[in-house]
Amino acid sequence: MNWLVEKSRYLVVIGVLSLLLQAVIAFLLGVYKTFELVNKIVFGSSSDDFSIVLFLKCLDLFLVATALLVIAVSLYELFVVEKLEVPEWMLVRNLNELKAKFGFVIVPIIAVKFLEKMLEAKEAVDVLYYGVGISLVIGALVFFSYVGGKK
């Protein structure tokens, strides 16, 4: 039974491979959207506001792809191997650090989504409600990161 429980940690490889595939797809989609944006700008079929929204959507895709990559690498290092040759900022020693890194990656993604909403919104009150909701989520992330960091 001990052997089975010890080896079950390798089940995380399924999640890691899925996350890596998602990261690759998100990066490729970001590249596709970038070419689409360049095409619209070069041939003049978009307004400035629309172009800014497209820039933000491309940025958002690359941020999501990076988050997926960081989480995949971190999970692999936590459960499968002892040490990977990755930058120091990617290394985690426990799940609390991984959750904290995830929170720090989520905040810029949320900020990009807020800017998109702000540029596309028809009513100011919609932006206000959206901003309040985002503030609550970010506040909760900061709170849980603070509480989780205490020993």
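Going by the structure above, here's the rest.
These numbers come from a predicted model, not from an experiment.

Draft legend 1. Region of interest: the pattern of salt bridges. Scanning the entire structure with this criterion turns up four salt bridges. In this structure, Glu120 engages Lys57 in a salt bridge whose closest nitrogen and oxygen atoms are separated by 3.9 Å. With Glu120 in helix H4 (residues 95–120) and Lys57 in helix H3 (residues 48–79), the pair connects residues that are 63 residues apart, well separated along the chain. Taking relative accessible area as the criterion, Lys57 reaches 36% and is therefore assigned partly exposed. Among the salt bridges present, the one from Lys113 reaches Glu116, with a minimum N-O distance of 3.7 Å. Note that Lys113 and Glu116 are positioned in helix H4 at a spacing of three residues, about one turn of the helix. Under the relative-accessibility criterion, Lys113 is labelled partly exposed at 34%. If you follow the salt bridges from partner to partner, you end up with Asp60, Lys113 and Glu116 in one network.

Draft legend 2. Representation of the side chain of Ser74 within the structure. By secondary structure assignment, the location of Ser74 is in helix H3. Polar contacts involving the side chain of Ser74 include one to the main-chain carbonyl oxygen of Val70, which spans 2.8 Å.

Draft legend 3. Summary view of helix H2 (residues 12–42). Along its 31 residues, H2 runs 45 Å from first to last C-alpha, staying within 8% of the 45 Å computed at 1.5 Å per residue. Here H2 has its buried residues at Val12, Val16, Leu19, Ala23, Ala26, Gly30 and Leu37.

Each value, and the rule that gives it
Residues numbered from 1 in each chain as written. Predicted model: local features only at pLDDT ≥ 70, side-chain atom pairs only at ≥ 80, totals over all residues. Heavy atoms only, no water. Salt bridge = Lys/Arg side-chain N within 4 Å of Asp/Glu carboxyl O. Helix = DSSP H or I, 4+ residues; strand = E, 2+ residues; numbered from the N terminus. Buried < 20%, exposed > 50% of the residue type's maximum accessible area, 1.4 Å probe, protein only. Polar contact = N/O pair within 3.5 Å; in protein donor to acceptor, adjacent residues only side chain to side chain. Expected span 1.5 Å × (residues − 1).

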